[in-house]
Amino acid sequence: MQQVIKPEEVLKEYHPPLTDHEALVEAHRCLYCYDAPCTHACPTHIDIPKFIKKIASGNLVGSARTILEANLMGATCARVCPVEELCEGACVLNAEGKPIMIGRLQRYATDYVYGRGMDVFSPGPPTGKRVAVIGAGPAGLTCAGELAKLGHSVTVFEKRELPGGLSTYGIIALREPVEVALAEVEMVRRLGVEIRTQMELGRNLSWEEVRAGFDAVFLSVGLGTVPALEIPGEEHVLDGLEFIEASKMNPHSLKVGREVVVVGAGNTAMDCATIAKRLGAERVTVVYRRTEREMTAYDFEYRFVKNEGVEFRFLAQPVEVLSENGQVVGLKCVRMSLGAPDASGRPAPEPVPGSEFVIPCDQVVKAIGQEKPWVAQMLGLETEKGFIKVNQDYETSLPGVYAGGDCIRARGSASTVMAVQDGKLAAFAIHRRFAQSLGAAADD
Amino acid sequence: MADLSINFAGIKSPNPFWLASAPPTNSAAQVHRAFEAGWGGAVWKTIGAPVLNVSNRYGAWHYGSQRMLAINNVELISDRPLEVNLKEIRDVKRHWPDRALIVSAMVESKPEAWRDIVMRIEDTGADGIELNYGCPHGMSERGMGSAVGQVPSYCQMITSWVTEVAKIPVIVKLTPNVASVVPPARAALAAGANGLSLINTINSIIGVDLDTFELIPNIGGKGGHGGYAGPAVKPIALNLLSSLGVDEEVKRYGVPISGMGGITTWRDAAEFLLLGATSLQVCTAVMHYGFRIIEDLVDGLNAWMDAKGFKTIAEVVGKSLHRISDFNDFDLSFRAVARINPDKCIKCNLCYVACNDSAHQCIDLVDAQGQVVPPYRYDAHANGKHEAVSTRPQPVVREEDCVGCRLCHNVCPVEGCIEMVEVPSGRASVTWRELMQTRPEVTEDWAAMERYRKEVGIEIH
């Protein structure tokens, strides 16, 4: 008899919370480095030894405040940050192979305040300045929250039904349950930020309206859908981000194939493969045109899916989705070989003539990146490699219009924590802009 | 294998480890099990005057992840009937003739009460008597325990009542709740004590509950001072032990000392032996982990003695006492400086902040180009482990400015990373005492001191 798979069980948050005792022991293990490398490595520069020692001393509200002062999305980042590449990767205790579990301690502290409905910040005295934020993802919410703490009036326009951006829709529940992202949204709301959902620039929100009604604008629109594979049978291919979204919003209705192929080798591809495997696919194969060495997924994500039983087919590029009577039956691929480095600095994959083969499958999911932000073209903003171009103050080529998050990430890897830092620094830049007109009183 | 057996004023035991007079030696059942585990001896929980106990009795001090770095207690002497104790002592001694069984006693300060208890203890066949002049709580309020130990004349009087009648060795247990343990020790010896033991517990209040504002432990809404013991008291015990070991009058009696106060591992034990203890008593570590800890106390001490070439305990006892000195006799020209081994350094910067905030500002952060850089010099856009690790500066001691305070060595979390290296000071050896004799003006007048410093080349930044 086939076992019934319950999505709420197989997709529930993977890491359990630390127990009080685990947290205390771990907090005491932290050396309390001075000018700590973990803080340097953190894109938002959370004072990590400080928040950890506050856990050790039993000052959990102070600990959470320390985290959230630097990173308003601290509960999300505690779960989704690539800590091996950032704080934990820089921990001096790597000398002994046992860095402090910074991410999980951060979750312990932030869960403490969210679990008790405690607010650690309050809105600043009103300045009369109005800011529009376009997009309620991590960058937008952070920018909005920081501005509200400084007393500015902020309205966030979000095209989707729920705020939170990728935290809500794009990170698998194993890493971050929806409720965590929504709790952060509510915290930002309680700072006085108005969040208007299902409002999309160019659809039911005009740019003129935004420019006329606000003193500054922050664009945190993220990126677009997954690009087309541009192969015959394209219409049968599922969008990886929509696949993940369905697993979070409506997992019972998500139809997962028996043999699933995921195209791409980034973190979204790993997450799609995990979802497929956990929701009952017998065989999940990741197809990537380069090799293990070039894949962009973090090491820990790659290790995780291998442990889940996901298989890999490197040096293979899809050329056609095969179907019979509207049902996918296989993915035809061609073998690749690595040539000279391309523009990205990685060896360019080249097809090996006559090497086509078919991977039998009944579902194909693509996760090969995201389209560039179309807002740039719409507003006529200067771009860099298709991303919105900003200066050191996160200001775009339009004065008073700022941008941050994935939509400006022309360099480096897109991540929540980078978006949070953008949002925070942009908020400070906007505040400095206002301070000039508000006079010395508002000068920080 | 070294010979761990000892002969303490005629009391023999196969190893120097005795259970101290305390809760672990409350009953025959416990002491039987302790001897089965391998303990060399036991000092029976104090018997004597009738008492009633309270709860809660024990408070504990936890530090970091370490539970019970110290314990404090308001438990009294044995609350079991005297006859039961005496019968059980007799029974234990008959079963374990090769182990040391000492009985701790405390009665009202009357000669007949002391004579009576001594006779009854001797009837059990016990090997010795320990006079409890130490307990700082409960009994002291009734004129016993530390109320005796704190007054040398009482100490001498009562000890003499006991030694006049006792046929078995008499050990006097001293309280640390005094300015100096030497006067009561001398008094006990003058009255004929055959041995000394120290330290008993230290007066303490363990803490206050931050939710209820009650004292810890809470005794029906009240609380008060209790006896403090455990690993945290070891340095105090070592100091008091050595103060007896270097006292000429105490030394003249040539009696053995039983050392205790925080002994938890064989390492602690070895230090007590080196500073003059012949037998070693243990309580808190047993209360924390049970009788089984005797295995490594014996095994570890044995291994250390073998490694150092000691064949008997007697060869170890007091071996470091000749190094006990005081400031007057330290060599003012001895110079040590800190040196950080960059291969071992994990760049936690604890040495840097300790030196910079609390010592003498002589550790620099040096970048890969050899430039001294300030802390926190990265900008808000810098991130990632590679950036953080690859640009992290190395703490380096400016040895010419290092005063050799040793704070960095103490805070460094990496064993053997910061070492104190002896360097020539270029000055002739001299002590403060010699200066007081040969150049008294230097020790009394700042101007003379300045001239002296210039003359011998001492520069204070």
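Everything quoted here is computed from the prediction, not taken from an experiment.

J.: How do you make sense of the side chain of B:R453 when you look at a structure like this?
T.: Residue and element names in this part refer to chain B. Here R453 is to be found in helix α18 (residues 446-456). Buried charge without a salt bridge: R453, with E450 as the nearest opposite-charge side chain at an N-O distance of 4.1 Å. Among residues more than four places away in sequence, those in contact with R453 are W446, I458 and I460.

J.: I'm lost on the pattern of salt bridges in this one. Help?
T.: As a working rule, side chains carrying opposite charge can pair if their charged atoms are close by. Residues and elements named next belong to chain A. Across all of its chains, the model carries 46 salt bridges over all chains by this definition. E382 is the partner of K389 in a salt bridge, and the nearest nitrogen-oxygen pair spans 4.0 Å. Judged by relative accessible area, which is 37%, K389 ranks as partly exposed. Salt bridges sharing common partners tie together E13, R79, R107 and D111.

J.: Please explain the domain arrangement of chain A as it appears in this structure.
T.: Residue and element names in this part refer to chain A. Domain annotation for chain A reports domain 1 (7-115), domain 2 (130-224 + 371-442) and domain 3 (234-366). Computed over C-alpha atoms only, the centres of domain 2 and domain 3 are separated by 32 Å. When the area that domain 2 buries against domain 3 is broken down by residue, the three leading residues are I172, L174 and R175, summing to 47%. Ionic pairing is found between E245 and R160, a salt bridge with its closest N-O pair at 2.5 Å. Seen at the junction of domain 2 and domain 3, the total is six residue pairs in polar contact (both at pLDDT 80 or more). Looking at the side of domain 2 that touches domain 3, the element that brings in the most residues is helix α10 (residues 166-169), giving four residues. For the side of domain 2 that touches domain 3, the residue count by class is nine nonpolar, six polar and three charged.

J.: What should I look at first to understand unusual backbone geometry in this one?
T.: The bulk of non-glycine residues show a negative phi, and the bulk of peptide bonds are trans. Residue B:I199 follows B:L198 across a cis peptide bond; omega there is 10 degrees. Mapped onto the secondary structure, B:I199 falls in the loop between β10 (195-198) and β11 (202-204). That bond from B:I216 to B:P217 is cis: its omega, -5 degrees, falls within 30 degrees of zero. Within the secondary structure layout, B:P217 lies in the loop between β13 (215-216) and β14 (226-229). If you check the backbone angles, A:Y394 has positive phi at about 65 degrees while not being a glycine.

Criteria and cut-off values
- Residues numbered from 1 in each chain as written.
- Chains lettered and ligands numbered in written order.
- Predicted model: local features only at pLDDT ≥ 70, side-chain atom pairs only at ≥ 80, totals over all residues.
- Heavy atoms only, no water.
- Helix = DSSP H or I, 4+ residues; strand = E, 2+ residues; numbered from the N terminus.
- Buried < 20%, exposed > 50% of the residue type's maximum accessible area, 1.4 Å probe, protein only.
- Lys, Arg positive; Asp, Glu negative; His and termini not counted.
- Salt bridge = Lys/Arg side-chain N within 4 Å of Asp/Glu carboxyl O.
- Contact = heavy atoms within 4.5 Å.
- Domains from an automatic or database assignment.
- Buried area = accessible area lost by both parts, 1.4 Å probe.
- Polar contact = N/O pair within 3.5 Å; in protein donor to acceptor, adjacent residues only side chain to side chain.
- Nonpolar A, V, L, I, M, F, W, Y, C, P; charged D, E, K, R; others polar.

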